[in-house]
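If you want the building blocks of each chain, they are given just below.
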Amino acid sequence: MMDSKNGKLWSKETPWPSLRETQDKFSKMMTDESLDAFRSVSRKPGLQIWTINNMKMAPVSPRGFGNFFEGDCYIVLYIVEHRGSRQSIDVHYWIGNTSSQDEQGAAAMYVTQLDEYLGGSPVQHREVQGYESSRFRSYFKNGLIYKKGGVASGFHHVDTNVYNILRLLHVKGRKNVTATEVEVSWNSFNNGDIFLLDIGKAIVQWNGPQSNRREKLKAVLLAQDIRDRERGGRAQIGVVEGGDERDSPELMKIMTAVLGQRNGPVREATPDDRSEQAQNNNVRLYHVFEHSGNLVVQEVATEPLTQDLLRSSDCYILDQRGSSVMVWKGKQASKEERREALNRAVGFIKAKNYPSSTSVKVMCEGGESAMFKHLFKSWRDKGQTQGLGTTYNVGKIAKVDQAKFDVMQLHARPELAAQQRMVDDGSGDVTVWRIENLELAEVNRRTYGQFYGGDCYLVLYSYQRAGHQQYILYMWQGRHATTDEITACAYQAVNVDNKYNGAPVQVRVVMGKEPRHFLAIFKGRLIIFEGGTGRAGVVNPDKGARLFQVRGNDELSTKATEVQARASSLNTNDVFLLKTDHASYLWYGKGCSGDERVVGRAMSDVLSKQDKQVVMEGQEPAEFWVALGGKGPYASDKRMQREEPLHSPRLFECSNQTGRFRMTEVDDFTQDDLDEEDVMLLDTWEEIFLWVGNLANQYETKEAWNCAQEYLRTHPARRDPDTPIIFVKEGHEPPTFTGWFNAWDPHKWIGGNSYEETKKKLCDATSLSQITVDFSNLNKSPGGSYQAPGSPMTSPPIYRTHGGDLSPRPATPTSPPTLRTQSPGLMNLSPSSRFNLTFTDGGMKSPSAGHSGKFLDPELLINKSPSELPQGVDPSQREAHLSDVDFENLLGSSRADFLRLPKWRQADLKKKAGLF
């Protein structure tokens, strides 16, 4: 490998080719039968998973999604359909810690060929156990389970049978949960994490005393997922609070029976092995190519990067100093270069001595991820819609046609409100205060819209939405205001916020960076004076000639900004007003549109009552240049458009818990990812939202503003530090925020399921204590022939019956089952404490009416064409053939709740589940 900076070859002994050699060996082994695996790949939206079994792709049952054997490699395909029938495709290959080199090579080769099979559009990801990307983890909302065993380890895929099981799962994580099988012993426990003791008929959750509510809730949801998917809903769940174990005597009897008597205290909490990466603003772009059989890596640029650095004929590596490596494949790059992209990324990591767990993503031109685009100072997609609801159509002569924006759609379509940063058309009620002597002084309504650079202002805007009063509180900070005034502005904002019971959305506005809705409030009369003050009785110094730049297409988007009165301040694309003691000039640049001239004239009437002399660019009288201090050069390139390019929104969880600012990205986010205990940052590029949950701690809430500013300051694309920051509280979200989330539920947190409420819904300890633990048939080590979730899929039975003979039979009083143990460390219970198994109403699942207890296996319904469905299945009513458990797992709601949804929402859920 060659480093272009010094022209020296990197060592040929670098171990990066080992994977390639494995792939070369594997490619020779591949047969037509192996390639037939791709014929079963569905192009419908949803999730598909395969494991590598005997060097072939073997499909995994949906029942096993989220279960990964440490000795195996997996291929995960996720397809999302966007509006306009556009699809985005992600292909991941997951590497287990004990998987063989051959399996890893086979998985990498399959991913490369699957990419080609799907037209080269997917984003490829390399995932390593324990270091999975946020994108990968987002597919498994209830968490990942790492299981012992796998082909490479010599073990079989077994969990014995659905009840004949004994394992201990170590659960870690608040946002993205992982559960790892560990030794079934008290030695595995610690005070900071959560453990699930799974004995088949029951799952006992033990919460470390130092674990928090969010972690406990995630663990309960994981336990419920295991119960519903692996036990058909026929297992009971109990919770033990570590440190308060005396409150759960019956559950502790079960734990003691399985684990033995605990000797001494549980170990202290241990830090997570994997700490979230801090935002890395050290970004380098490399051109990667082969020369004389050697891999050459040529550095192209460092941050901030621009899109024009990427040539369609080449491939590039974008390196975030080892925290992430991304490969970009140009559309016109050779087939060999495109095919080798993933292999080269792995080689690059090894040559750089980066950890083997380093994240790797490969994407093609036109299919870039949001994260990739965010690393560039500017990024524009072809055919991109720009501006305030305006589509720019650029012809051969650079003429820009604009379609008008309909503000009446904002409330009906929150996604439009979000994209346009407009909650309404600015026709609500407005109150403006100025900070005077560190207190609030109400501004005279006749001067609304006039903001002076030496002042700070609070602007309270109120409007109606769905019959409820909503508020936005803007904090406008003048460029020349004192530090005390800026501090007082923030302090007074808290007082106003408290007056309205925390309902206002707070927006920090830095002078010159006013958001779109702020402009709309003042209906084309917004004037920003460079300095001075608007205080009554204060005379601002006479500056002589004053020049104002006017920008906007209508009254919703117009403002006038005072600039230095010199020729260099002019811009051929805008309208300017020049005021002198004797005359006023309205200057029209050659690049401004007719609409801009109309609003420019209207604004000039607000700025000056004098008659205006219209001056066309290139026809200025001598007096005009004299007033500006003489003629000089200025910006004279005609623009085609000046709007910020659209970027996909990104959601982050903010944390300063380690003493260092850290952000954890939440990929493929939904409203469910907004944790009530957290502060979340939503980056929409033009604005930064800070969402604060009702249960967020006081320190994180106070630090929220600093977090947002730190995020902007350290962003690799050198973001504008004065980007508007909007402070949103749980329950008071405006449509400009909710519109970025699909199917926002305004009632989600009203009577929602907290950890305590979820815990109450579990069966009580009395019924759980009636479980009999028979160790004679339990296996703690792999063995037997049961195909566990996560293993290759066998042909499913046509029908599964819920109820009847499948449920375990309760023991009778005359023949109580005995508790036996195979381990010397496990104790026998006395007859008085032996348990019989009974089921509560919540434990048994009865079939829906009309199905006689018979349901189809989901594998026969998901992503199947009508011709592939079993006889008698209506393709438009596939969900009717699911059991209640499978129905809720796939569609995320009960049948009753599903039927209450509007038809479009039902169709959307069915599409995502592969049932459409």
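Residues numbered from 1 in each chain as written. Predicted model: local features only at pLDDT ≥ 70, side-chain atom pairs only at ≥ 80, totals over all residues. Heavy atoms only, no water.

Caption draft 1: Quick peek at the pairing of strand S17 (residues 315-319). Of all 5 residues in S17, 5 are buried, a share of seventy percent or more. Going residue by residue along S17, you find Cys-315, Ile-317 and Asp-319 tucked away on one face and Tyr-316 and Leu-318 tucked away on the opposite face as well. One ladder, built from 4 bridges, connects strand S15 (residues 284-291) with S17; its direction is antiparallel. Counterpart to Tyr-286 in the pairing with S17 is Ile-317. As paired elements, S17 and strand S18 (residues 324-329) share 5 bridges and run antiparallel to each other. Residue pairing across strands places Tyr-316 opposite Trp-328, the latter belonging to S18. Linking S17 to S18, which pair antiparallel, is a turn of 4 residues; within it Arg-321 sits at a positive phi near 50°. (Buried < 20%, exposed > 50% of the residue type's maximum accessible area, 1.4 Å probe, protein only. Helix = DSSP H or I, 4+ residues; strand = E, 2+ residues; numbered from the N terminus. Pairing = 2+ DSSP bridges.)

Caption draft 2: Up close: the sheet that holds strand S10 (residues 167-172). Read from one edge to the other, the open sheet built from 7 strands follows the order S5-S9-S11-S10-S12-S13-S14, with strand pairing classed as mixed. In the strand order of this sheet, the two ends are held by strand S5 (67-69) and strand S14 (236-241), each with one partner. Looking at each pair of strands side by side, their axes are set apart by 25° on average, direction ignored. As defined by bridge partners, strand S13 (residues 202-207) adjoins S14 across 6 bridges and the pair is classed as parallel. The partner of Trp-206 across the bridge, within S14, is Val-240. Contacting S5, strand S9 (144-147), S10, strand S11 (178-182), strand S12 (194-198), S13 and S14, helix H5 (residues 213-230) crosses the sheet at an angle of about 20° to S12. Running over the sheet, helix H6 (residues 249-259) touches S12, S13 and S14 and is turned about 95° from S14. (Axes fitted to C-alpha atoms, helices over the stretch in contact; angles between N-to-C directions. Contact = heavy atoms within 4.5 Å.)

Caption draft 3: Structural detail: the confidence of the model for the chain. Model confidence for the chain is summarised by a mean pLDDT of 76, while 76% of its residues fall at 70 or above. Strand S22 (residues 429-436) holds the highest mean pLDDT among the elements of the chain, 95, whereas strand S20 (residues 393-394) holds the lowest, 30. Per-residue pLDDT stays below 50 along residues 273-278; that stretch engages in 13 contacts with residues further than four places along the chain or on separate chains. Below pLDDT 50 for its whole length, residues 794-853 participates in 120 contacts with residues either more than four positions away or in separate chains. (pLDDT = per-residue confidence, 0-100.)

Caption draft 4: Representation of H5 within the structure. Over its 18 residues, H5 runs 25 Å from end to end, which matches the ideal 26 Å to within 8%, given 1.5 Å per residue. H5 sits mainly inside the fold: 16 of its 18 residues count as buried. Where H5 begins, one side-chain oxygen reaches toward the backbone nitrogen of Arg-214, 3.1 Å away; that side chain belongs to Asn-212. Positive backbone phi, approximately 60°, marks Gly-232, located one or two places after H5. (Expected span 1.5 Å × (residues − 1). Polar contact = N/O pair within 3.5 Å; in protein donor to acceptor, adjacent residues only side chain to side chain.)

Caption draft 5: The arrangement of the side chain of Ser-248 in detail. Summarising the element assignment, Ser-248 is placed in the loop between S14 and H6. According to the relative accessible area criterion, Ser-248 is buried, its value standing at 11%. When residues no more than four places from it in sequence are discounted, the contact partners of Ser-248 are Val-239 and Val-240.

Caption draft 6: Summary view of the sheet that holds strand S33 (residues 612-616). Pairing is mixed across the open sheet formed by 7 strands, whose spatial order is S24-S28-S30-S29-S31-S32-S33. The sheet terminates laterally at strand S24 (450-452) and S33, the two strands that pair on one side only. Within this sheet the neighbouring strands show an average axis-to-axis angle of 20°, counted without direction. Bridging between S24 and strand S28 (residues 526-529) involves 3 bridges; their strand directions are parallel. By the bridge assignment, Tyr-452 is partnered in S28 with Phe-529. With respect to the sheet, helix H13 (residues 594-607) is in contact with S28, strand S29 (546-551), strand S30 (559-563), strand S31 (575-579), strand S32 (584-588) and S33, its orientation differing from that of S31 by roughly 25°.

Caption draft 7: Broad picture of the nonpolar core. Of all hydrophobic cores here, the largest spans 52 residues; its most connected members are Phe-451, Phe-522 and Leu-674. In terms of nonpolar packing, the next biggest core, distinct from the first, is built from 37 residues, Val-41, Ile-52, Ala-106 and Val-362 among them. (Core = buried A, V, L, I, M, F, W, Y, C linked by side-chain atoms within 4.5 Å.)

Caption draft 8: Inspection of the side chain of Asp-225 at higher detail. Relative to the helices and strands, Asp-225 resides in helix H5. Given a relative accessible area of 11%, Asp-225 falls into the buried group.

Caption draft 9: Expanded view of the packing of aromatic side chains. Tallying each qualifying case throughout the model produces 41 aromatic pairs. Note on Phe-887 and Phe-898: the rings are 5.4 Å apart at their centroids and 85° apart in plane angle, and the pair reads as edge-to-face. Taken together, the residues span a long stretch of sequence, with Phe-887 in helix H19 (residues 884-891) and Phe-898 in helix H20 (residues 895-900) at a distance of 11 residues. The exposure classification of Phe-887 matches that of Phe-898, with both residues buried. Taken together through their ring pairs, the aromatic side chains of Phe-68, Tyr-74, Tyr-78, Trp-94, Phe-136, Tyr-139, Phe-140 and Tyr-146 make up a single cluster. Here Arg-43 stacks its cationic end above the ring of Tyr-117, 5.4 Å away from the centre of that ring. Sitting above the plane of the Trp-186 ring, Arg-262 keeps its charged end 4.9 Å from the centroid. (Phe/Tyr/Trp six-rings, centres within 6.5 Å; stacked < 30°, edge-to-face > 60°. Lys NZ or Arg CZ within 6 Å of the ring centre and 35° of its normal.)

Caption draft 10: Expanded view of the pattern of salt bridges. Evaluated as defined, the whole model comprises 31 salt bridges. Here Arg-284 and Glu-299 are joined by a salt bridge, their closest N and O atoms 3.0 Å apart. Residue Arg-284 is found in strand S15, and its partner Glu-299 is found in strand S16 (residues 294-302); the two are separated by 15 residues along the sequence. By relative accessible area, Arg-284 is classed as partly exposed at 27%. Note that Glu-562 and Arg-546 form a salt bridge whose closest N and O atoms lie 3.0 Å from each other. Of this pair, Glu-562 sits in strand S30 while Arg-546 is found in strand S29, placing the two residues 16 residues apart along the sequence. The class of Glu-562 is buried, set by a relative accessible area of 6%. One salt-bridge network, in which partners are shared between bridges, spans Arg-167, Glu-181 and Asp-198. (Salt bridge = Lys/Arg side-chain N within 4 Å of Asp/Glu carboxyl O.)

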